[in-house]
Amino acid sequence: MQLSEHILQTRGLSVYYGTKQAINDVTLNVARNRITAIIGPSGCGKSTLLRCFNRMNDLVPRSRITGQVLFEGQDLYAPDVDPTEIRYQIGMVFQRPNPFPKSIFENVAFGPKINGFRGNLNELVEKSLVRAALWEEVKDRVNASALALSGGQQQRLCIARALAVEPRVILMDEPCSSLDPIATLAIEDLMRELSQEYSIVIVTHNMQQAARVSDYTTFLMNVENRGGQLVEFGDTRQIFTNPKDERTEAYITGRFG
Amino acid sequence: MAIIAHPDFKRHMARRQWQGRAFHALCLMAVGVALAMLVLLLGYLIQQGVSRVSWDFINGFPSRNPDEAGIKAALLGSIYVVLIAAVVAFTLGVGAAVYLEEYASRNWRTRLVQINIANLAGVPSIVYGILGLEIFVRSLGLGRSVLAGGLTMGLLVLPIIIIAAQEAVRAVPRSVREGAYALGATRWQAIWHLVLPQALPGILTGVILAVSRALGETAPLIVMGALTFVPFAPDGPFSRFTVLPIQIFNWISRPQAGFHQAAAAGIIVLLILLLAMNAGAILLRNKFQRRPEA
Ligand SMILES: Nc1ncnc2c1ncn2[C@@H]1O[C@H](COP(=O)(O)OP(=O)(O)O)[C@@H](O)[C@H]1O
Ligand SMILES: [Mg+2]
């Protein structure tokens, strides 16, 4: 099969929570092995859009979508698709670090174990921690509780946990919003590193962050009462230096949001 | 400042402080009265019964002679009934709680079930006795056996465990579940590997409450026909049986003072059993509550 340059795509995607519409008619392409940032004022549906890519919104009662989400050209919402199968190919890192109340080792081993991994678990855990740039800090205490780590370490542990199931895409929902600036920079470096092998979609409310790390930027905004719409999509440099839409310009220059 | 200098303020302040002290004293008094009653009760029991507590008493069977009467049959009966009840109620209760919290959709039917579980917790225990008599003793043909008694008691404490388990399951943060789902866990895997282990201490708290309740209940077992004079230890699930509270009640209602002493001794044994079972559950809970070494 010829791989298209877009690993994820949405086609006219709208999402509703009950009767409330959260995003409206979003058509977006996510490039392979690149970092795509989603920015926009709070409540414009950034998380909602992100959570369509691994069908996490299925867990919200009374949520529904219209339109399509394609992963490698396949409809993610086709009736024969099992969401759990998608979720270990498309990993997710959350806004607040959410390590399990288990040891560092068990956190990383959790995904492989439940997905029936047969192989050298020690090796896999070490490799994942190395790739998440955490190994050096925890190699002497992998059996210690994950909850004893600092916030930045916990977030890197969550990244290692996601990497351990060998996903192709990593979704990140404001992964640095609860971290200090140093931990934030560590995660940003890590993202650049990971984008060699993975396709990354990051939601952020921090525009400098989007400008620093991403290759492409999507700007969403609430329009009327119909939820977030895609206002502009483009090269990150173009969006931040030469936005085409005046609402994008207003947002990135801090005039609203 | 002007306000502080105001004479009204000072007068109010004095009154407020006085009120605070009065309330403090009232609370202390309430605690004191409760404690005093407890000490009085324990003191009376010990004075009456402690001399009768001995291995012969624990290992003996009831007798017409008050000084020879022992409590073995009732003690074993109580232990069997409570263990059967705890196992049954734990299994069903955790299952029901997980279903209600994790699987059932939030609609009027679920709410109806929920309200009824809360109501069941308040149904007089004698009603459970009638239920047990009809279902276990008669329909299922278990007879007036220790198994039927345990199952009846299990039904009685089921709502307590369901409610405690539901609260414990609900208290597990959503972020933990989401973390598991995001790795491709099925609902069952998230529940089994993450939700239940984290909820277990809370569930065990419910078990402690349930065990205490089951140990003290008498009415349902009397209704379903537990005996009062049992000169043998239960030798299997279908054996006839009695329990401590019934035995104690039986002794208290005799005229001889010797039986009253035996009753006091029986209450001491009952209290010790209660404490031991609770301590066991608490130890278990602390074991699960401990986080991996930091
Ligand atoms: N689980 C939910 N139930 C109902 N409404 C929701 C839910 N999650 C989000 N919403 C609503 O959808 C809109 C978009 O939310 P979200 O995607 O979280 O925005 P953002 O991440 O951009 O702040 C908001 O108006 C929010 O109130
Ligand atoms: Mg969000």
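In this text, all values refer to a predicted model and were calculated from it rather than measured experimentally.

Analysis parameters
- Residues numbered from 1 in each chain as written.
- Chains lettered and ligands numbered in written order.
- Predicted model: local features only at pLDDT ≥ 70, side-chain atom pairs only at ≥ 80, totals over all residues.
- Heavy atoms only, no water.
- Helix = DSSP H or I, 4+ residues; strand = E, 2+ residues; numbered from the N terminus.
- Rg over C-alpha atoms; globule rule 2.2 N^0.38 Å.
- Contact = heavy atoms within 4.5 Å.
- Areas by Shrake-Rupley, 256 points an atom, 1.4 Å probe, with all protein chains shown as cover.
- Lys, Arg positive; Asp, Glu negative; His and termini not counted.
- Charge placed at Lys NZ, Arg CZ, Asp CG, Glu CD.
- Axes fitted to C-alpha atoms, helices over the stretch in contact; angles between N-to-C directions.
- Parallel < 35°, antiparallel > 145°, perpendicular 65-115°, else oblique.
- Left-handed = near helix turned anticlockwise from the far one by under 90°.
- Nonpolar A, V, L, I, M, F, W, Y, C, P; charged D, E, K, R; others polar.
- Near = heavy atom within 4 Å.
- Polar contact = N/O pair within 3.5 Å; in protein donor to acceptor, adjacent residues only side chain to side chain.
- Core = buried A, V, L, I, M, F, W, Y, C linked by side-chain atoms within 4.5 Å.
- Buried < 20%, exposed > 50% of the residue type's maximum accessible area, 1.4 Å probe, protein only.
- Phe/Tyr/Trp six-rings, centres within 6.5 Å; stacked < 30°, edge-to-face > 60°.
- Lys NZ or Arg CZ within 6 Å of the ring centre and 35° of its normal.
- Buried area = accessible area lost by both parts, 1.4 Å probe.
- Salt bridge = Lys/Arg side-chain N within 4 Å of Asp/Glu carboxyl O.
- Pairing = 2+ DSSP bridges.

1. Observations concerning the overall build of chain A
Along chain A, the regular secondary structure elements total ten helices and ten strands. Expected size for 257 residues packed as a compact globule is a radius of gyration near 18 Å; at 18 Å, chain A falls within 12% of this value. Summarising its shape, the C-alpha atoms of chain A cover approximately 55 × 45 × 35 Å along the three principal directions. Counting only contacts in chain A whose residues sit at least 6 apart along the sequence, the fraction spanning at least 24 positions is 68%. Here chain A has roughly 11400 Å² of accessible surface; of this, 45% comes from carbon and sulfur atoms. Within chain A, one finds 28 positive and 29 negative side-chain charges whose respective centroids are separated by 4 Å.

2. Here's the deal with the packing of helix α6 (residues 151–163) of chain A against helix α7 (residues 181–194) of chain A
All names here are of chain A. Where α6 contacts α7, the two axes come as close as 9 Å, and the packing angle between them is 20 degrees. The pairing of α6 with α7 is recorded here as roughly parallel in orientation. Between α6 and α7 the crossing geometry is right-handed. Listed contacts from α7 to G152, Q155, R156, I159 and L163 of α6 are A183, I187, L190 and L194. Among the residues making up the contact of α6 with α7, the classes are represented as six nonpolar, two polar and one charged.

3. Some remarks on the site of ligand 1
Residue and element names in this part refer to chain A. Around ligand 1, the structure places Y17, K20, A22, S42, G43, C44, G45, K46, S47, T48 and V60. Take K20: an N or O atom from its side chain is 3.2 Å from an oxygen atom of ligand 1. At a separation of 3.3 Å, an oxygen atom of ligand 1 approaches a polar backbone atom of C44. Protein coverage of the free-state accessible area of ligand 1, which is 560 Å², stands at 64%.

4. Description of the nonpolar core
Counting 102 residues, the largest nonpolar core has L8, L49 and F53 of chain A together with L221 of chain B as its most contacted members. At 14 residues, the largest contribution of residues to this core is made by helix α9 (residues 187–216) of chain B. Here L221 of chain B is in contact with V81, G149, M153, A226, F241, V243 and I246 of chain B, once residues within four sequence places are set aside. Counting residues in each nonpolar core, the second largest holds 44 residues, with V108, L163, L190 and V231 of chain A among its members.

5. A look at the packing of aromatic side chains
Two numbers describe a pair of aromatic rings. These are the distance of the centres and the angle of the planes. Taken as a whole, this structure holds five aromatic pairs over all chains when the rule is applied. When the centroid spacing of 6.0 Å and the interplanar angle of 40 degrees are considered together, the rings of F57 of chain B and W251 of chain B count as tilted. With F57 of chain B in helix α3 (residues 55–58) and W251 of chain B in helix α11 (residues 244–252), the pair connects residues that are 194 residues apart, well separated along the chain. Given a relative accessible area of 1%, W251 of chain B falls into the buried group. The positively charged end of R64 of chain A is found above the aromatic ring belonging to Y16 of chain A, 4.3 Å away from the centroid.

6. Quick word on the interface of chain A and chain B
Interfaces are frequently sized by the accessible area removed from exposure as the parts join. On the side of chain B, 19 residues touch chain A, which itself brings 27 residues to the contact. Surface buried jointly by chain A and chain B totals about 1800 Å² across both partners, of which 69% is contributed by carbon and sulfur atoms. Along the contact surface separating chain A from chain B lie one salt bridge. Linking chain A with chain B are five residue pairs in polar contact (both at pLDDT 80 or more), by the criterion used here. Put simply, the parts of the chain that give the side of chain A that touches chain B at least two residues each are α2 (83–87), β6 (90–93), α3 (104–114) and α6 of chain A. Taken together, the residues of the side of chain A that touches chain B break down into 15 nonpolar, eight polar and four charged.

7. With respect to the pairing of strand β4 (residues 63–71) of chain A
All names here are of chain A. Taken together, the eight bridges between strand β1 (residues 6–17) and β4 define a ladder with antiparallel strand orientation. Across the sheet, the residue bridging to Y17 is S63, located in β4. Examined bridge by bridge, β4 and strand β5 (residues 74–75) share two bridges and lie antiparallel to one another. Looking across to β5, one finds that L70 is bridged to D75. Between the antiparallel neighbours β4 and β5 lie two residues, among them E72 with a positive phi of about 50 degrees.

8. Looking at the environment of Y251 of chain A
Inspection of the secondary structure assignment puts Y251 of chain A in helix α10 (residues 246–252). Along the backbone, Y251 of chain A and F219 of chain A are 32 residues apart, and their C-alpha atoms lie at a distance of 9.0 Å.

9. With respect to the pairing of strand β8 (residues 199–203) of chain A
All names here are of chain A. Counting buried residues in β8 gives five out of five residues, a clear majority hidden from the surface. As paired elements, strand β3 (residues 35–39) and β8 share four bridges and run parallel to each other. From the neighbouring strand, A37 faces β8, where its bridge partner is I202. Both strand β7 (residues 169–173) and β8 contribute to a ladder of five bridges, which runs parallel.

By themselves, these observations are geometric and do not establish any function.
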